[in-house]
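# Observations on chain architecture
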Number of protein chains: 2
Amino acid sequence: MTPKPLDYESLNENVKKVAYAVRGELYFRASELQKEGKKIIFTDVGNPHALGQKPLSFPRQVVALCQAPFLLDDPNVGLLFPADAIARARHYLSMTSGGLGAYSDSRGIPGVRKEVADFIERRDGYPSDPELIFLTDGASKGVMQMLNTIIRDEKDGILVPVPQYPLYSAAISLCGGSLVPYYLEEEANWGLDFYNIHQSVAAAHSKGITVRAMVIINPGNPTGQCLSEANIRELLKFCFQENLVLLADEVYQQNIYQDERPFVSARKILFDMGPPISKEVQLVSFHTVSKGYWGECGQRGGYFEMTNLPSQTVDEIYKVASVSLSPNVPGQIFLGLMVNPPKAGDISYLKLVQESKAVLESLRRRAHIMTDGFNSCRNVVCNFTEGAMYSFPQIRLPLKAIEAARKAGKAPDVFYCLKLLEATGIATVPGSGFGQKEGKTISMPSS
Amino acid sequence: MTPKPLDYESLNENVKKVAYAVRGELYFRASELQKEGKKIIFTDVGNPHALGQKPLSFPRQVVALCQAPFLLDDPNVGLLFPADAIARARHYLSMTSGGLGAYSDSRGIPGVRKEVADFIERRDGYPSDPELIFLTDGASKGVMQMLNTIIRDEKDGILVPVPQYPLYSAAISLCGGSLVPYYLEEEANWGLDFYNIHQSVAAAHSKGITVRAMVIINPGNPTGQCLSEANIRELLKFCFQENLVLLADEVYQQNIYQDERPFVSARKILFDMGPPISKEVQLVSFHTVSKGYWGECGQRGGYFEMTNLPSQTVDEIYKVASVSLSPNVPGQIFLGLMVNPPKAGDISYLKLVQESKAVLESLRRRAHIMTDGFNSCRNVVCNFTEGAMYSFPQIRLPLKAIEAARKAGKAPDVFYCLKLLEATGIATVPGSGFGQKEGKTISMPSS
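Residues numbered from 1 in each chain as written. Chains lettered and ligands numbered in written order. Predicted model: local features only at pLDDT ≥ 70, side-chain atom pairs only at ≥ 80, totals over all residues. Heavy atoms only, no water.

Under an unreviewed UniProt entry, the name given to chain A is Alanine aminotransferase 2, and the source organism is Elaeis guineensis var. tenera. Here chain A is described in UniProt, under the heading Catalytic activity (unreviewed entry), as follows: "L-alanine + 2-oxoglutarate = pyruvate + L-glutamate". Quoted straight from UniProt, the Function (unreviewed entry) entry for chain A says "Transfer of C3 units between the cytosol of mesophyll and bundle sheath cells to maintain a nitrogen-carbon balance in the C4-dicarboxylic pathway." (UniProt positions renumbered as here; feature names shortened; annotations may be inferred.)

Dropping the structure here:
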């Protein structure tokens, strides 16, 4: 019998090739157990509100007012909302034509893109052009669009750090390209090893693959390291020499749990380096409202900023963004609020600072608790989680456990995580799901 | 010099091939004029709130409360919000784990998917399974995902009605497939001509293209017709014979401006037909909060429902949805509210009915004004807009105008629309942008 177009054997092979470990076997088993009534703590993705983190008040007040603009004319509105939230809601509504219910420009609301550009300029000390900033439904949509713009066929390779956030492998599969792994050095605090990176590129070349882009995740997901300025400088030099676009996933830029290596954007270092590199290296940077002390994952707000891209390419990216009409508008407003929060002296300033500090301090405390806890266990080692939201321990399993796993037809780390899930209700992601080398680890988010 | 990976000549060819007329030359020119201070009326996409339609109060109240859950404990909340909105906000918040700030399951919140299933069952008289309903960031994201699942390469063809909503041509280009046009018959009120459709399929076959899916847009975008039950029955038979998935874009199902042909879903007719067709034809139906009397375009809420898809395929679609983690949660709640509005006797029922009726009546009135207006002009004819939000007139241009267009290097309809824009500030979409046959028409939304 001829298979039907949506029978499994007829599907697009790129769809079938996608592996997405963070919502893989462990997640499904955890969901099953939850349905059966077991209490599950999902630590498979950074989803802070699902783990009890409270939203910041001010942005929620502003967006609530934007959703219900008729409240702005209600004489009682001041009983429920502070005056600066009311003013800010009017500010954003005035930027839209039709409020939250109207499509915005496909790149996002111009006024919010200007707020993002101002934020980037304050952060980096170099001006930013709102025309090169596109708002997106969360950072992952931007990453997917950019990979789809770059990848032409399976001969196009993308350098991705391993252990890696599986968004990248999944999106590269979907686009029909080739993932070229470069391994982070667990023994060197998940640092970069350029000898290794060169070897990865050489190995790809020998298979006929043209490496076209390099992904960095800084701070690291799922490994938690913060890249040093020297590392990023070397990276940019490498991208210049090898003619690679740098895709800088910087969504954890506010999640820093040590003082030695503060976050510095790839863009700032690019401009610090001066010509020719600052004029030549193509860079796309990603950010989101889902992480930081906001953790507004469900709102799906994000942006990407493009540096050194020709305008003809920017036009193409705009055209493709237009096919989905516009990113969700409430998410755009969250993004505006994140990059342009209340200032000292504003009514809501102190409360927002207190709430933000409490979240960040709690994340920092938990980063210590997690990694100290791991390192106090026998046969477990874990690098300190310098940033982001995850800890990635290495667990040495006894031979008998490995044997039992083999018998069950599972990778040892998957087997371990399943047992952990059943015993404790904690849903983790096995290290093999992040492409970690055989013979290593599981990951356990600290958030 | 070697081009860089994001230089125009290096981009993915599928990206370059995308044509997206509704945000094409006319839109850009209109945006320019707007920047220069001209008042522009954008009628290029159905974006009712941008044209002054007010949001319905109840859903906005509920979502505002969900955004600001701390209001639920405020003793003054009752001064600003009715009790049923408060209760409904609690209802949705209880379905989430972490409120609007947490990722939901990648298919959407289970409780909302259940509300959608109940709505479909009430509408069609046949039960619907929430496991086969996926929530999306607007309907277009669902359409794009489904096309990406079906299309393997340029030899896979998708039957698309022409004049067509350019989402389909754009998404098919992006996925690297082939659009197989079937022309709607302007002279027969934009009806289907099965002789024609058979010929389109035969022509595709002769080029080595396997037609794998058929798109219908009912009510029609941009043509405004409502398909008769007999037409849909014949379509389903055709899909059965030709082994095609039917992609039923039914986002305008609430936008009906005549009583002779009420909306009937493809799914209801499929089940009415009984086996073997009801058991065999694979059907995916799309719906949204962006249209109807809601018009909540900027919220990006939608769903698709799958019929007769094997579970292995559903799993693959789930896996790919997981890569973007989850659709935006506020949009999901709007969808829940749309399919499960207040009932007779609820506090907000009458107000919602009044508001909805006012919107629908205004749309119906404007459908008449638009098409009557067109038909009262010399050299203009236009089918009555039976549904959806658009009118698609045919304008006979004098030879001199065609001559002037040729001299300006423009298609005559593009030339006409540009002149119209400059003279009146009304931004339309030329018929050629919808793939209409040479020698026809421009389109002008009635919304």
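Taken as a whole and judged by the stated rule, the model has 24 aromatic pairs over all chains. Centre to centre, the rings of Phe286 of chain A and Phe304 of chain A are 6.2 Å apart; their planes meet at 50 degrees, and the pair counts as tilted. Residue Phe286 of chain A is found in strand β7 (residues 283-288), and its partner Phe304 of chain A is found in strand β8 (residues 302-307); the two are separated by 18 residues along the sequence. The residues Phe286 of chain A and Phe304 of chain A share a single accessibility class, namely buried. Ring centres of Phe134 of chain B and Tyr318 of chain B lie 6.1 Å apart, and the angle between their planes is 75 degrees; this geometry places the pair in the edge-to-face category. Highlighted residues: Phe134 of chain B in strand β2 (residues 133-136) and Tyr318 of chain B in helix α13 (residues 311-323), separated in sequence by 184 residues. Classification of Phe134 of chain B as buried rests on a relative accessible area of 1%. (Phe/Tyr/Trp six-rings, centres within 6.5 Å; stacked < 30°, edge-to-face > 60°. Helix = DSSP H or I, 4+ residues; strand = E, 2+ residues; numbered from the N terminus. Buried < 20%, exposed > 50% of the residue type's maximum accessible area, 1.4 Å probe, protein only.)

Least-squares fitting of chain A to chain B yields an RMSD of 0.0 Å, with the transformation described by 0.0 Å of translation along the axis and a rotation of 180 degrees. In symmetry terms, the pair is related by a two-fold rotation axis. Taking C-alpha positions as reference, the residue of chain A nearest the rotation axis is Ala64 of chain A, located at 2.1 Å. Of all interface residues in chain A, 100% are interface residues in chain B too; the two copies therefore contact each other through one and the same surface. (Least-squares fit on C-alpha atoms with pLDDT ≥ 70 in both. Contact = heavy atoms within 4.5 Å.)

Between chain A and chain B, the residue contacts involve 99 residues of the former and 99 residues of the latter. Where chain A meets chain B, there are 4 salt bridges. With its nearest N and O atoms 3.2 Å apart, the salt bridge here joins Asp137 of chain B to Lys141 of chain A. Tallying contributions element by element places helix α13 (residues 311-323) of chain A first for the side of chain A that touches chain B, with 8 residues. A class-by-class count of the residues in the side of chain A that touches chain B yields 48 nonpolar, 30 polar and 21 charged. (Salt bridge = Lys/Arg side-chain N within 4 Å of Asp/Glu carboxyl O. Nonpolar A, V, L, I, M, F, W, Y, C, P; charged D, E, K, R; others polar.)

The next point concerns the domain arrangement of chain A. All names here are of chain A. By the assigned domains, chain A splits into domain 1 (8-52 + 353-445) and domain 2 (101-339). Using C-alpha coordinates to define each centre, domain 1 is positioned 24 Å away from domain 2. With 38 residues of domain 1 at the contact, the number on the domain 2 side is 42 residues. Buried surface at the junction of domain 1 and domain 2, both sides included, amounts to about 3200 Å², of which 54% is carbon and sulfur. (Domains from an automatic or database assignment. Buried area = accessible area lost by both parts, 1.4 Å probe.)

This part is about the sheet that holds strand β2 (residues 133-136) of chain A. Residues and elements named next belong to chain A. Judged by pairing direction, the sheet is mixed, and its 7 strands sit side by side in the order β2-β8-β7-β6-β5-β3-β4 without closing on themselves. Edge positions in the sheet fall to β2 and β4 (178-183), since each of these pairs with one other strand and no more. Neighbour-to-neighbour, the strand axes of the sheet open up by a mean angle of 20 degrees, direction not taken into account. The pairing of strand β6 (residues 245-249) with β7 spans 4 bridges and is classified as parallel. For Ala248, the partnering residue across the bridge sits in β7 and is Ser285. Together, β3 (156-162), β5 (210-217) and β6 form the strand contacts of helix α10 (residues 229-242), whose direction differs from that of β5 by roughly 165 degrees. (Pairing = 2+ DSSP bridges. Axes fitted to C-alpha atoms, helices over the stretch in contact; angles between N-to-C directions.)

Once that is clear, we can look at the side chain of Asp124 of chain A. Here Asp124 of chain A shows up in helix α6 (residues 110-124). Here the side chain of Asp124 of chain A touches Arg267 of chain A through a polar contact of 2.9 Å, side chain to side chain. (Polar contact = N/O pair within 3.5 Å; in protein donor to acceptor, adjacent residues only side chain to side chain.)

Residue and element names in this part refer to chain B. The sheet built from 7 strands is open, its strands ordered β2-β8-β7-β6-β5-β3-β4 with mixed pairing. Two strands in the sheet have a free side with no partner beyond their single neighbour: β2 and β4 (178-183). Along the sheet, successive strands turn relative to each other by an average axial angle of 20 degrees, direction set aside. Bridge analysis of strand β3 (residues 156-162) against strand β5 (residues 210-217) gives 4 bridges, and the strand direction is parallel. By the bridge assignment, Gly157 is partnered in β5 with Val211. Those strands touched by helix α6 (residues 110-124) are β2, β7 (283-288) and β8 (302-307), and its axis lies near 115 degrees from that of β2.

Attention shifts here to the pattern of salt bridges. Considering all chains together, one arrives at 40 salt bridges over all chains under this definition. Where Asp124 of chain A meets Arg267 of chain A, a salt bridge forms, and the shortest distance between an N and an O atom there is 2.9 Å. Of this pair, Asp124 of chain A sits in helix α6 while Arg267 of chain A sits in helix α11 (residues 266-273); the two residues are 143 residues apart in sequence, bridging distant segments of the chain. Across the pair, Arg267 of chain A and Asp124 of chain A agree in class, each one buried. Among the ionic pairs, Glu305 of chain B bridges to Arg267 of chain B, the shortest N-O distance being 3.0 Å. Remark: Arg267 of chain B occurs in helix α11 (residues 266-273) and Glu305 of chain B occurs in strand β8; sequence separation between them is 38 residues. Residues Glu305 of chain B and Arg267 of chain B agree in their burial class; the two are buried. The structure contains a network of salt bridges with shared partners spanning Arg123, Asp124, Arg267 and Glu305 of chain A.

Residue and element names in this part refer to chain A. Relative to the 18 Å expected for 13 residues at 1.5 Å per residue, helix α9 (residues 194-206) spans 18 Å between its end C-alpha atoms, a close match to the ideal helical length. Taken residue by residue, α9 has Phe194, Ile197, Ser200, Val201 and Ala204 as its buried positions. For α9, the arc enclosing every buried residue in end-on projection is 115 degrees, short of the 170-degree limit, so these residues lie on one face. Residues of α9 that are exposed and point over 90 degrees away from its buried face: Tyr195 and Ser206. Tucked into the core, α9 has its buried residues touching β3, β4, β5 and α10. Between a side-chain oxygen at the N-terminus of α9 and the backbone nitrogen of Tyr195 the separation is 2.9 Å; the capping residue is Asp193. Gly208 lies just past α9 and shows a positive phi near 85 degrees. (Expected span 1.5 Å × (residues − 1). Arc of directions from axis to C-beta.)

Residue and element names in this part refer to chain A. Looking at where Lys268 falls in the secondary structure, it is placed in helix α11. In this structure Lys268 comes out as partly exposed when scored by relative accessible area, which is 25%. Between the alpha carbons of Lys268 and Arg123 there is a distance of 8.4 Å; along the sequence they are 145 residues apart. Other than its neighbours up to four places away in sequence, Lys268 contacts Asp124 and Tyr126.

Turning next to the nonpolar core. Membership of the largest hydrophobic core comes to 139 residues, with the highest contact counts inside it found for Phe81 of chain A together with Phe81, Leu147 and Leu247 of chain B. Discounting residues that sit within four places of it in the chain, Phe81 of chain A has contacts with Gln61, Ala64, Leu65, Leu71 and Ile86 of chain A together with Leu71 and Leu80 of chain B. Among the nonpolar cores identified, the runner-up in size contains 52 residues, and Ile150, Ile151 and Val245 of chain A together with Val323 of chain B belong to it. (Core = buried A, V, L, I, M, F, W, Y, C linked by side-chain atoms within 4.5 Å.)

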